[in-house]
Amino acid sequence: MLTPSVLKRLAAGGAIAVALFATARMNAQNLTLEGQTGGFITPTAYVVYTDKDHLWSHPAVGYHFVNASSVIGYVHTFSIEEGIANRAEFGYTRSVHFEGNSPAFSSLWDFSGMNVFNGKVVGIKDGQFGAWTPGIGAGFVVRTGDKFVSGALNQELTGTLRSYTNEDVYVAATKTWLKPPVPFLLNFGFKMTNASIFGLGGQSTRFMGRLFGGLGIPIPLGHNLAAVPAVGFTQQPPQVVNLGAILFPPGSGAHIPTTMDYAVRVTQKESPHFAFDIGLGHVAGVIGNTAVATGVANPPYVVVPIDLKANLVLGTGLSFRY
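Please read all numbers here as calculations on a predicted model, not as lab measurements.

1. Things to note about the overall build of the chain
For step 1, the next point in the chain: A tally of helices and strands in the chain yields two helices and 15 strands.
For step 2, the next point in the chain: Taking 20 Å as the expected radius of gyration for a compact globule of 322 residues, we find that the chain reaches 22 Å, a close match to that expectation.
For step 3, the next point in the chain: Out of the 322 residues belonging to the chain, those deemed buried represent 48%.
For step 4, the next point in the chain: Considering only residue pairs separated by 6 or more positions, the chain has 62% of its internal contacts joining residues 24 or more positions apart.

Written out as C-alpha cells, the structure reads:
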C-alpha cells in the first residue's frame, strides 16, 4: 500500500528527475568563456540544442567577464555558436582585453585581445546506449592574434612584437545522472594544447597533453529555474615561450598551476533559453622570480617575485539561445 509518506517521497523523486531531465537539455545552450557548450571554462560532450526535425539550431550567444585587474587585466568575451542536428557545433569568440594595474608586469598583457574559433562533434550522446552511457565529444579551439606574455617578451628580447596562434584538440566525456539520491553532472576530458591559461598566459613551449573536468549538482528552484553549483579544473602547460629568459636564477622554470573555477549557474528547467554564471577562479599567484637592476654597484640587482595576483578572480557569464 502506498502511504502518504511514500507518495510524498515518490513525488519528490519524480520532481528531481524531471528537473534533471531539463538540466540535461539546458546544458545545450550554456557557453564557456571561449564559446563552446560547457561549464564556465571547460567544454562538455553537449552541443547547442537543435529543435526536432531541424538541421540547424537557433544561434546561442554569450558574454563573459573576468576581473583579474591587479596584473593580468579585465577580460571580456563575446561569443556566437551554431549547432547542427544535436551532433555538432561551431562558433567564434572575440576576446577583448583591458590592461591591469601593475606597473611592473601588466605591460605583458597590454593588448586588445584575440580571436577564438571552435568546433565540436558528439560521437555518442549522453544515455545513447543505456542509462550509464556518458556522452562522448571531440573538438578543437584555435586562438589567433595572441600577443600576451610570449609576444610581449619577444618584443622586449628581439625588438619585434610577435603574434602567436595556439590550439587545443580535445575529447570530453560527460554524464548527467537523472535519479536520486544524488543527482550530478560529471565531465572529464583530455586535450592536447600549446596554450598557457587559454592563451592569456601566452604560448607554451610545446604541444602537450593536459586533463580537465568538473562536477555539478543540479538543484531545482522555483519559478521554472534551476541552480547548478559546480567546480572545474584545467591543467596548464608548465612553461611559457620567452618567459624563461626573464626568470631568476637563469635556467629556472615557471610555475603555472592548475586553473580552478568554482561557479553557480542559474537557468531555466524547461524550454531553456538563458543561463547566468557567477563564480570565482584560481588562476595563478607567484609563478617565479626575476632580477631587476638597481643602477648601483651594491647590490647590482634585486630579486622580485612575478606575482600575477590572480589566486582569486571574479567571473560572470550570460548565455542566450534564440
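2. Things to note about helix 2 (residues 150-158)
For step 1, the next point in the chain: Among the residues making up helix 2, those that are buried are S150, G151, A152, L153 and N154.
For step 2, the next point in the chain: Residues of helix 2 that are buried in the fold lie against strand 6 (164-177) and strand 8 (203-216).
For step 3, the next point in the chain: In the stretch just after helix 2, G159 is the one whose phi turns positive, near 85 degrees.

3. Describing the pattern of salt bridges
For step 1, the next point in the chain: Taken as a whole and assessed by the stated rule, the structure comprises six salt bridges.
For step 2, the next point in the chain: Note that K120 and E89 form a salt bridge whose closest N and O atoms lie 3.4 Å from each other. Highlighted residues: K120 in strand 4 (residues 113-124) and E89 in strand 3 (residues 88-98), separated in sequence by 31 residues.
For step 3, the next point in the chain: A relative accessible area of 3% places E89 in the buried class.

4. Let's talk about the environment of Q236
For step 1, the next point in the chain: Counting through the fold element by element, Q236 comes out in the loop between strand 10 (225-234) and strand 11 (259-268).
For step 2, the next point in the chain: Look at Q236 and you get buried, because its relative accessible area is 4%.
For step 3, the next point in the chain: Each C-alpha atom of the pair Q236 and G159 lies 28 Å from the other, and the pair is 77 residues apart in sequence.
For step 4, the next point in the chain: For Q236, the residues in contact, after removing those within four places along its chain, are A195, S196, I197, F198, R210, I256, P257 and T259.

5. So, the layout of surface pockets
For step 1, the next point in the chain: Considered as a void within the structure, the second largest pocket measures approximately 250 Å³ in volume.
For step 2, the next point in the chain: Taken together, A104, F105, S107, L108, L153, E156, L157, I246, T290, V292, V304 and I306 form the lining of the second largest pocket.
For step 3, the next point in the chain: When contributions to the lining of the second largest pocket are tallied by element, the ones reaching two or more residues are helix 2, strand 13 (284-293) and strand 14 (301-310).
For step 4, the next point in the chain: Top contributing element to the lining of the second largest pocket by residue count: helix 2, with three residues.
For step 5, the next point in the chain: Across the lining of the second largest pocket, the residue classes break down as nine nonpolar, two polar and one charged.

6. So, the confidence of the model for the chain
Fine structural detail should not be taken from predicted coordinates in areas where pLDDT scores are low.
For step 1, the next point in the chain: The predicted model of the chain averages 90 in pLDDT, with 91% of residues at 70 or higher.
For step 2, the next point in the chain: This stretch, residues 1-24, has a pLDDT under 50; its non-local contacts, to residues over four places away or in other chains, come to 18 contacts.

7. Comments concerning empty space enclosed by the protein
For step 1, the next point in the chain: Enumeration according to the criterion identifies five cavities of 30 Å³ or more in this entry.
For step 2, the next point in the chain: Taken as a whole, the second largest cavity holds about 250 Å³ of empty space.
For step 3, the next point in the chain: If you tally residues by element for the lining of the second largest cavity, the top one is strand 11, at five residues.
For step 4, the next point in the chain: Of the residues belonging to the lining of the second largest cavity, the class tally is 17 nonpolar, five polar and one charged.

8. Considering the packing of aromatic side chains
For step 1, the next point in the chain: According to the stated counting rule, one finds nine aromatic pairs in the structure shown.
For step 2, the next point in the chain: Ring centres of F65 and Y74 lie 6.3 Å apart, and the angle between their planes is 15 degrees; on these two criteria the pair is classed as stacked.
For step 3, the next point in the chain: Aromatic side chains F248 and Y301 sit 5.3 Å apart centroid to centroid with 55 degrees between the ring planes, which places their arrangement in the tilted category. Pair noted here: F248 is in the loop between strand 10 and strand 11 and Y301 is in strand 14, with a separation of 53 residues, a long-range link.
For step 4, the next point in the chain: Taking the relative accessible area as the measure of exposure, F248 reaches 25% and is therefore partly exposed.

9. Thoughts on the side chain of S95
For step 1, the next point in the chain: Residue placement: S95 occurs in strand 3.
For step 2, the next point in the chain: The class for S95 is buried, based on a relative accessible area of 4%.
For step 3, the next point in the chain: Not counting residues within four places of it along the chain, the set of residues in contact with S95 comprises V75, H76, T77, S112, G113 and M114.

Scoring rules and cut-offs
Residues numbered from 1 in each chain as written. Predicted model: local features only at pLDDT ≥ 70, side-chain atom pairs only at ≥ 80, totals over all residues. Heavy atoms only, no water. Helix = DSSP H or I, 4+ residues; strand = E, 2+ residues; numbered from the N terminus. Rg over C-alpha atoms; globule rule 2.2 N^0.38 Å. Buried < 20%, exposed > 50% of the residue type's maximum accessible area, 1.4 Å probe, protein only. Contact = heavy atoms within 4.5 Å. Salt bridge = Lys/Arg side-chain N within 4 Å of Asp/Glu carboxyl O. 1 Å grid on protein atoms, 1.4 Å probe; cavity = no way out; pocket = protein on both sides within 12 Å on 5 of 7 lines; lining within 4 Å. Points joined across faces, edges and corners; volume = space filled by probe spheres on them. Nonpolar A, V, L, I, M, F, W, Y, C, P; charged D, E, K, R; others polar. pLDDT = per-residue confidence, 0-100. Phe/Tyr/Trp six-rings, centres within 6.5 Å; stacked < 30°, edge-to-face > 60°.

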